[in-house]
Amino acid sequence: MYTQNQSTVTEFILLGLSMDPFIQVLLFHIFLVVYLSSLTGNLLLLLAVRTDKRLHTSMYFFLSSLSFVDICFTSSVVPKTLANFLSPKKSISFTGCAVHDTSAIKNLIRVFLPFMLFIPLSLILISYIRIITAIMKISLGRNKAFSTCISHLVVVVIFYGTSIFVYGKPENAVTEDTDKKVAVFYMVITPMINPLIYSLRNKDVQKAMKSLIRA
């Protein structure tokens, strides 16, 4: 009987954001602070909406849903990233890689990109254009409303802009190193600033937070 050597792929080696040990330790601390800030902000919002009856409205229900999604989204990537920053063996299992950052999934995203990114982004931009137009017609509280609207738009542009850059660009348009750095924004930075921009600046949320802390 003819036999031949066979091997099975069980893991992949991750290159990470940098090969410099000092930079890796620095990035570990930066990512840890950002991740903990993201978890704290989003968890506090979830608890505040759940415990305070003043926040039992549709708007806060959707904001708490956004916080839940942000927690799941960032937690699917950042803990493994933190572990690899300090681990001498930077790897991910075959199953873990298949679940994630693969080409089949990336190609699938490109097929549905207009429905997942371009159409929602267009609707959001149209909505904000109408909001800004309405703000320009008022005099009382215009600056505060305009500041809030602009801060919301910044978050939208960061998330959708970086997502479109990663998934909508032609193949080999930029280096993988650039892809990784851009992906950090929508996977790590956006989940951290979402609660700050959309919720924690709100007076009702601030009151609920104070009540939650006192309890």
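Residues numbered from 1 in each chain as written. Predicted model: local features only at pLDDT ≥ 70, side-chain atom pairs only at ≥ 80, totals over all residues. Heavy atoms only, no water.

## Some remarks on the overall build of the protein chain
Stage number 1. From N to C terminus, the protein chain includes 9 helices and 2 strands.
Stage number 2. Listing every helix and strand of the protein chain by position from the N terminus yields β-α-α-α-β-α-α-α-α-α-α.
Stage number 3. Within the protein chain, buried positions represent 32% of all 215 residues.
Stage number 4. As displayed, the protein chain has an accessible area near 14,100 Å², and 69% of this comes from carbon and sulfur atoms. (Helix = DSSP H or I, 4+ residues; strand = E, 2+ residues; numbered from the N terminus. Buried < 20%, exposed > 50% of the residue type's maximum accessible area, 1.4 Å probe, protein only. Areas by Shrake-Rupley, 256 points an atom, 1.4 Å probe, with all protein chains shown as cover.)

## Things to note about a positive patch on the surface
Stage number 1. On the surface, a cluster of positive charge is made up of Lys144, Lys203, Lys207, Lys210 and Arg214.
Stage number 2. Here the element with the most residues in the positive patch is helix 9 (residues 203–214); it accounts for 4 residues.
Stage number 3. Note that Lys203 resides in helix 9.
Stage number 4. For Lys203, a relative accessible area of 57% corresponds to the exposed category. (Patch = residues over 30% accessible without salt bridge, like charges linked within 9 Å, V, L, I, M, F, W, Y side chains within 5 Å. Salt bridge = Lys/Arg side-chain N within 4 Å of Asp/Glu carboxyl O. Lys, Arg positive; Asp, Glu negative; His and termini not counted. Charge placed at Lys NZ, Arg CZ, Asp CG, Glu CD.)

## Quick word on the side chain of Thr190
Stage number 1. Structurally, Thr190 can be placed in helix 8 (residues 176–198).
Stage number 2. On the basis of relative accessible area, Thr190 is assigned to the buried category, the value being 2%.

## Observations regarding the UniProt feature "transmembrane region" (unreviewed entry) in the protein chain
Stage number 1. The sites that carry the UniProt feature "transmembrane region" (unreviewed entry) are, in the present numbering, residues 22–47, 59–78, 111–133, 145–167 and 182–200.
Stage number 2. Between the first and last C-alpha atoms of residues 59–78 the distance is 28 Å; the span itself is 90% helix and 0% strand. (UniProt positions renumbered as here; feature names shortened; annotations may be inferred.)

## Describing the pattern of salt bridges
Stage number 1. In total, this model carries 1 salt bridge according to the counting rule given.
Stage number 2. Asp52 is the partner of Arg54 in a salt bridge, and the nearest nitrogen-oxygen pair spans 2.8 Å.
Stage number 3. Of the residues examined, Arg54 reaches a relative accessible area of 46% and is grouped as partly exposed.
Stage number 4. Judged by its relative accessible area of 11%, Asp52 falls in the buried class.

## With respect to the packing of aromatic side chains
To describe a pair of aromatic rings, one takes the distance between the centres and the angle between the planes.
Stage number 1. Taken as a whole, this structure holds 2 aromatic pairs when the rule is applied.
Stage number 2. Each ring, one from Phe31 and one from Phe85, has its centre 5.3 Å from the other, and the planes form 75°; the classification is edge-to-face. Residue Phe31 is located in helix 1 (residues 21–51), and its partner Phe85 is located in helix 3 (residues 78–86); the two are separated by 54 residues in the primary sequence. Neither Phe31 nor Phe85 differs from the other in exposure class; each is buried. (Phe/Tyr/Trp six-rings, centres within 6.5 Å; stacked < 30°, edge-to-face > 60°.)

## Section: the environment of Phe159
Stage number 1. Secondary-structure assignment places Phe159 in helix 7 (residues 142–168).
Stage number 2. Look at Phe159 and you get partly exposed, because its relative accessible area is 28%.
Stage number 3. C-alpha of Phe159 to C-alpha of Ala183: the two residues are 24 residues apart in sequence and 9.5 Å apart in space.
Stage number 4. Apart from residues lying up to four places away in sequence, Phe159 is in contact with Tyr186 and Thr190. (Contact = heavy atoms within 4.5 Å.)

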